[in-house]
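Each chain, written out:
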Amino acid sequence: MDLSLLKDMTGGWLVGDFSPNLIHSKDIEVAVKTYPAGQVEPKHHHKIAEEITVIASGKARMCDKILTAGDIIRLEPGESTAFEAIEPTITVVIKRPSVPDDKYLD
């Protein structure tokens with residue numbers, strides 16, 4: 001058995017082609033991210049990876065849509081979005097493949 005803490009993972013990322021990680025993979029990235037109300041991430045896109053975001057709890061704005069717990073949004077490479085936590089929010093994010101430095105601000 002191995003016990004880890006999410007707070008020890010960089011930005012909540014725990015699977016992917018980076019360190020630290022729980023599983024090293026060039027094929028996929030997985031994160032569990034926690035946002036306080038009002039936190040924003042600037043508009044960006046990925047040139048290579050597709051990204052799936054699950055709203056596990058809370059309420060957020062992505063792609064000019066209000067998302068709530070249970071909503072899932074999928075972005076293809078080249079599609080842009082910003083992120084705003086309207087209330088405290090937890091997301092699960094999956095990116096495929098895991099490509100370091102594949103985040104471009106718009």
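The coordinates are above.
Residues numbered from 1 in each chain as written. Predicted model: local features only at pLDDT ≥ 70, side-chain atom pairs only at ≥ 80, totals over all residues. Heavy atoms only, no water.

**Student:** What is the right way to look at the sheet that holds strand S4 (residues 40-45) in this model?
**Tutor:** Pairing between the strands of a sheet comes from backbone hydrogen bonds, and it takes one of two forms, parallel or antiparallel. As summarised here, the arrangement of the five strands in space is S7-S6-S9-S4-S11, forming an open sheet in which the pairing is antiparallel. Among the strands making up the open sheet, the edge pair consists of strand S7 (65-68) and strand S11 (104-105). With three bridges connecting them, strand S6 (residues 59-62) and strand S9 (residues 81-85) associate as antiparallel partners. Within S9, the residue paired with Arg61 across the bridge is Glu84. (Pairing = 2+ DSSP bridges. Helix = DSSP H or I, 4+ residues; strand = E, 2+ residues; numbered from the N terminus.)

**Student:** I keep staring at the pairing of S6 and nothing clicks. Help me out?
**Tutor:** Only one face of S6 is buried: it carries Ala60 and Met62, and the other face, with Lys59 and Arg61, is open. The pairing of S6 with S7 spans four bridges and is classified as antiparallel. Counted as the bridge partner of Lys59 is Thr68 from S7. Adjacent in sequence and paired antiparallel, S6 and S7 are bridged by two residues, among which Cys63 carries a positive phi angle near 50°. (Buried < 20%, exposed > 50% of the residue type's maximum accessible area, 1.4 Å probe, protein only.)

**Student:** Would you take a moment to explain the sheet that holds strand S2 (residues 23-24) for this structure?
**Tutor:** Taken together, six strands build an open sheet; the order of strands is S2-S1-S3-S10-S5-S8 and the sheet is mixed. If you trace the sheet from one side to the other, it starts and ends with S2 and strand S8 (72-75), each paired once. Where strand S5 (residues 50-57) and strand S10 (residues 89-96) come together, seven bridges link them in antiparallel fashion. Looking at the pairing, Ile52 lines up with Ile94 of S10.

**Student:** I tried to follow the nonpolar core on my own but got confused; where do I start?
**Tutor:** One recurring pattern in soluble globular proteins: nonpolar side chains tend to sit buried together. With nine residues, the main nonpolar core is built from Tyr35, Ile55, Ala60, Met62, Leu67, Ile73, Leu75, Phe83 and Ala85. Put simply, the parts of the chain that give this core at least two residues each are S6, S8 and S9. Not counting residues within four places of it along the chain, the set of residues in contact with Tyr35 comprises Glu41, Phe83, Ala85, Glu87, Pro88, Thr89 and Thr91. (Core = buried A, V, L, I, M, F, W, Y, C linked by side-chain atoms within 4.5 Å. Contact = heavy atoms within 4.5 Å.)

**Student:** Got a minute to help me understand unusual backbone geometry in this structure?
**Tutor:** Glycine aside, residues mostly have negative phi, and peptide bonds are mostly found in the trans state. Here Ser19 and Pro20 are connected by a cis peptide whose omega angle stands at 0°. Following the sequence through the fold, Pro20 ends up in the loop between strand S1 (13-16) and S2. In this model, Arg96 is joined to Pro97 through a cis peptide bond whose omega is -5°. On the secondary structure map, Pro97 appears in the loop between S10 and S11. The residue Asp64 is not glycine, and still its phi comes out positive at about 60°. Take Asp64: it is sitting in the loop between S6 and S7.

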